[in-house]
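Chains, contacts and geometry: an overview
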Amino acid sequence: MPNRKSRGNSNFMKSIQRPVVWAVAILFGVGIIWWSVAQYLGGGSQGNQQNPGSEISFSESVGGLTKDGTPLSDSNYWITYSEYETSVRDTLTNLRSQGYNLDPYFDTENYPSEMGIRYDIFQSLVDQKTLLLYATENEVLPTTEQVDSETKRVVDQYVADEETKSAIIYQYGSVDAFTELIRDYVATQLLTTNVTNKAIPDMNERFQKYVEENLEDLKLNYERVDANHILVTDEASALEIKTMIDNGEISFTDAATSFSIDTGTAVNGGALGEFSRGQMVKEFEDASFDATPGVVVGPVESQFGYHLILVNSKTTFDSFEEFASTSSYQSELTQFENEEFNAWISEYRDKSNLSQEINDPDLQMYARYDEAMADPEKASELLEELERDYFDESGNILVGESFLPVVFYTELAESEIGNLRNQTLDLEDLQDLLLALPATATSMSAEQIEIELETIPSTETEIRGILLEAKRAREYISEFGVESLEEVEEMLTEKRKTFDDKNLRFENSVKYLYSVMPNSTRVVNYMYQVDGDNPEVAYMYNENSYNMNVRPLLESPELLDSYLQYYGQYFGAQARSLLIDSPVQSIESDLNQKVINSTEAATDLKISALYLLVDIYEKMAVSQENEQMMQIYLMSEKHYLEKLLELYPEDETIGSLIETIEFQISELNAQASADATQTDEATDVDMPLDTGLDTEIGSDGLNVPFENETPSPIGDVDLDVSFESEASGTVN
């Protein structure tokens, strides 16, 4: 089939499996932000009190706006704990209601931590206070009449439908309560609109100019074609098939199923789905984007053969006006407006000398960590400070009032330890080079080495080899600022000691976190690095890996099918093995070695591991259509049930499950025998379908063979697929 080129998303599986919607939830969840704006518009600062009827000082607030380094005197520009905590509660409740369980402290690849959300909410509240200040200074605050009028319009729109009205009453208690929520939202939206119109009055003109200047990039991002294709080996066959289609003798989809050599799409009538520019080989792309929908195009020759193409629909544009009529216009406009608005608010703060001050200790710590993650120098400073304040001279944890310092130390130390490990390896390489190379080579400058390499012929492999190694040594010398072997050995000793000291603190911090938050996926992953042979740690790590990477696919046929369809383009019939069999075999091997067959593992832990493997193979059998593979998975399930029966010989339920599986296997054998009897052709199957399948159950579990069909030809594929467990921040 045409070559789909990777767009560089190495986390495609995880990004699909766990879409990032937390930012949307924050916007919806911080109702208190809207409420505080509405309260301000409705008559002063009574809504911004720590306790009703009481006054607070700035130091008692979470933080707020400052001007010229001093907190503003008007408490409307402070963030009280009541509005902050209510915002946090609303946002987290919203997320949990959607099924998202976030780690309290650890950010992950796709999700922030709860602490990260707290920090983002604080920043959102600061933004709202900034808008209030600008609107007040420039007299663009929305009036109460404007807010009431727009609120009535929105609410009337919702309650006009009786079914929707009933749902609102069920969710919010009454239409009046819903109206108050909408009023708060409207107040903030009007405030933002008024500020934007005042601060950036030419937004539409700016956007049109942006589109016209970046039209080619927008075409690359947003132009789409939905098409089917037929791939054959020669032009004559393509022309013959096209004639049959044009004459109505066969439909395009039936022709694709019957004749296309692209087996990955032939089963779906040649359907490629929707693709954008840059995803197909050039010949195929050009023909597809130039085609008229509904008209068969081709033959089109590419490196894979000859294509017939049927474009079902396409979205293309060559001007701002045409782009404005596409479905992508609004999303691009929204993104542009957000970027322009963020740039303006940053400029406004700079010109007005506005900043923020944080009083809350956890938010202060998080702010420093956030800066450290973007600045290596600040990361080193924070790491040293945390080592000084939270570890004794022996590297033991000094427990404080918050887990945050230990959490941040662990994350920063992991990165630092990785750098130290690489530096140590490089210095060891340099040490070996200085010991092995002649002094005449190591004393040469980089420029001299380059000159020699240019003059010495390629046939002088030994001399060129020495010069290339000398070049590598010179690069190390320049990087580390050393010259002699003695300096290298001295630095190497120092790096090893620093590595050992930091690694000791890292291990102690991980063990401490594991003792207080053992259900944190990220902590379990860290603990597996530190003590991966520990049976309990090995079990939890592999359970997390299964729950995150494999189980969602096995429990959702639709999700699994979409993954197989996508990865089938690149790996053909091996896609299922790559997505499921390979990670399962890794989990199974680890559990067998470190838990089930371990003399150190507790019986209860062994039972948990066995039940996990039973569950895995039961779901794999249910999701498998290939009867050979289904039988292998059933045998694996039976194998681990028999091990459970050894621990619980009187358990009738386990025995009954084993009998059920044996019956299923016998039914598969009977069906296979019946199928073989009904045909005169010899069955070309590598593994006979009987209980004597060519499988091996060893100490690491059942070795499951992969299905080895030839993948569809797709050309060069730049796809980085990783199925190693990544901490999701889930707290069980």
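Thresholds applied
- Residues numbered from 1 in each chain as written.
- Predicted model: local features only at pLDDT ≥ 70, side-chain atom pairs only at ≥ 80, totals over all residues.
- Heavy atoms only, no water.
- Helix = DSSP H or I, 4+ residues; strand = E, 2+ residues; numbered from the N terminus.
- Buried < 20%, exposed > 50% of the residue type's maximum accessible area, 1.4 Å probe, protein only.
- Contact = heavy atoms within 4.5 Å.
- Areas by Shrake-Rupley, 256 points an atom, 1.4 Å probe, with all protein chains shown as cover.
- Pairing = 2+ DSSP bridges.
- Axes fitted to C-alpha atoms, helices over the stretch in contact; angles between N-to-C directions.
- Core = buried A, V, L, I, M, F, W, Y, C linked by side-chain atoms within 4.5 Å.
- Polar contact = N/O pair within 3.5 Å; in protein donor to acceptor, adjacent residues only side chain to side chain.
- Phe/Tyr/Trp six-rings, centres within 6.5 Å; stacked < 30°, edge-to-face > 60°.
- Lys NZ or Arg CZ within 6 Å of the ring centre and 35° of its normal.
- Salt bridge = Lys/Arg side-chain N within 4 Å of Asp/Glu carboxyl O.
- Patch = residues over 30% accessible without salt bridge, like charges linked within 9 Å, V, L, I, M, F, W, Y side chains within 5 Å.
- Lys, Arg positive; Asp, Glu negative; His and termini not counted.
- Charge placed at Lys NZ, Arg CZ, Asp CG, Glu CD.
- Parallel < 35°, antiparallel > 145°, perpendicular 65-115°, else oblique.
- Left-handed = near helix turned anticlockwise from the far one by under 90°.
- pLDDT = per-residue confidence, 0-100.

To continue, consider the overall build of the protein chain. Along its length, the protein chain carries 30 helices and ten strands. Counting the 732 residues in the protein chain, one finds 45% classified as buried. Considering only intrachain contacts with a sequence separation of at least 6, the fraction spanning at least 24 residues in the protein chain is 72%. For the protein chain, the exposed surface amounts to about 36,800 Å²; the carbon and sulfur share of it is 46%.

Below, the discussion takes up the sheet that holds strand β5 (residues 271-276). With respect to topology, four strands assemble into an open sheet ordered β5-β4-β7-β6, the strand pairing being antiparallel. Across the chains shown, the open sheet's two edge strands, defined by having one partner strand only, are β5 and β6 (296-302). When the angles between neighbouring strand axes are averaged without regard to direction, this sheet yields 40°. Bridge analysis of strand β4 (residues 224-232) against strand β7 (residues 305-315) gives nine bridges, and the strand direction is antiparallel. Following the sheet pairing, L231 is matched in β7 by H307. Along the sheet, helix α12 (residues 252-259) contacts β4, β6 and β7; its crossing angle with β4, the most-contacted strand, is approximately 45°. Running over the sheet, helix α14 (residues 282-290) touches β4, β5, β6 and β7 and is turned about 40° from β7.

In terms of nonpolar packing, the biggest core is built from 127 residues, with Y84, V195 and W344 touching the most fellow members. Sort the elements by how many residues they give to this core and helix α5 (residues 114-137) lands first, with twelve residues. Aside from chain neighbours lying at most four places away, what touches V195 is L131, Y134, A135, V140, I200, F341 and W344. By size, the runner-up hydrophobic cluster in this structure holds 19 residues, among which are L430, A470, Y476 and F480.

We now examine the pairing of β7. Where β6 and β7 come together, five bridges link them in antiparallel fashion. From the neighbouring strand, V297 faces β7, where its bridge partner is I309. A loop of two residues connects β6 with β7, the two strands running antiparallel in sequence.

Once that is clear, we can look at the environment of D107. Position of D107 relative to the elements: it lies in the loop between α4 (81-97) and α5. Taking C-alpha positions, D107 is 9.8 Å from E411, a pair spaced 304 residues apart along the chain. Beyond its immediate sequence surroundings of up to four residues, D107 is in contact with P112, S113, G116, Y366, E411 and R522. Polar side-chain contacts of D107 include one of 2.7 Å to the backbone nitrogen of S113.

Moving on, we get to the packing of aromatic side chains. When we look at a pair of aromatic rings, we describe it by the centre distance and by the angle of the planes. What the rule picks out here adds up to 32 aromatic pairs. When the ring of F317 is compared with that of F323, the centres are 4.9 Å apart and the planes differ by 50°; the resulting orientation is tilted. Considered together, F317 and F323 belong to a single accessibility category, that of buried residues. Aromatic side chains F323 and Y329 sit 5.9 Å apart centroid to centroid with 65° between the ring planes, which places their arrangement in the edge-to-face category. We note K219 situated over the ring of F317; from NZ or CZ to the ring centre the distance is 5.8 Å. Sitting over the face of the ring of F289, R277 holds its NZ or CZ atom 4.1 Å from the ring centroid.

Before going further, it helps to spend a moment on the pattern of salt bridges. Enumeration according to the criterion identifies 33 salt bridges in this entry. Ionic pairing is found between K152 and D156, a salt bridge with its closest N-O pair at 2.8 Å. Of this pair, K152 and D156 both sit in helix α6 (residues 144-159), four residues apart, which is roughly one turn of that helix. Its relative accessible area of 53% is what places K152 among the exposed residues. The class of D156 is partly exposed, set by a relative accessible area of 38%.

There is a patch of like negative charges on the surface, built from E486, E487, E489, E490 and E494. Summarising the element assignment, E490 is placed in helix α23 (residues 485-516). Looking at E490, the relative accessible area reads 58%, which means it is exposed.

Time to look at the packing of helix α19 (residues 404-436) against helix α24 (residues 521-531). When two helices pack together, their arrangement is given by the angle between the helix axes and by the axis-to-axis distance. Running from N to C, α19 and α24 cross one another at 45°; their axes reach a closest spacing of 12 Å. Viewed along their axes, α19 and α24 adopt a mutual orientation that is oblique. Classified by chirality, the crossing of α24 by α19 is left-handed. Across from T410, E411 and E414 in α19, the residues of α24 making contact are R522, Y526 and Q529.

Mean pLDDT over the protein chain: 84, with 85% of residues reaching 70 or higher. Confidence over residues 682-696 falls short of pLDDT 50; this stretch has 28 contacts with residues more than four positions distant or in other chains.

This part is about unusual backbone geometry. A cis geometry characterises the amide bond from G298 onward to P299, with omega recorded as 5°. Examined against the element boundaries, P299 turns out to sit in strand β6. Phi angles above zero are rare outside glycine, and D68 is one such case at about 55°. When you line up the elements, D68 lands in the loop between β1 (63-67) and β2 (70-71). Here N353, not a glycine, exhibits a phi torsion of approximately 55°, which is positive. Along the chain, N353 turns up in the loop between α16 (329-352) and β8 (354-358). The class for N353 is partly exposed, based on a relative accessible area of 42%.

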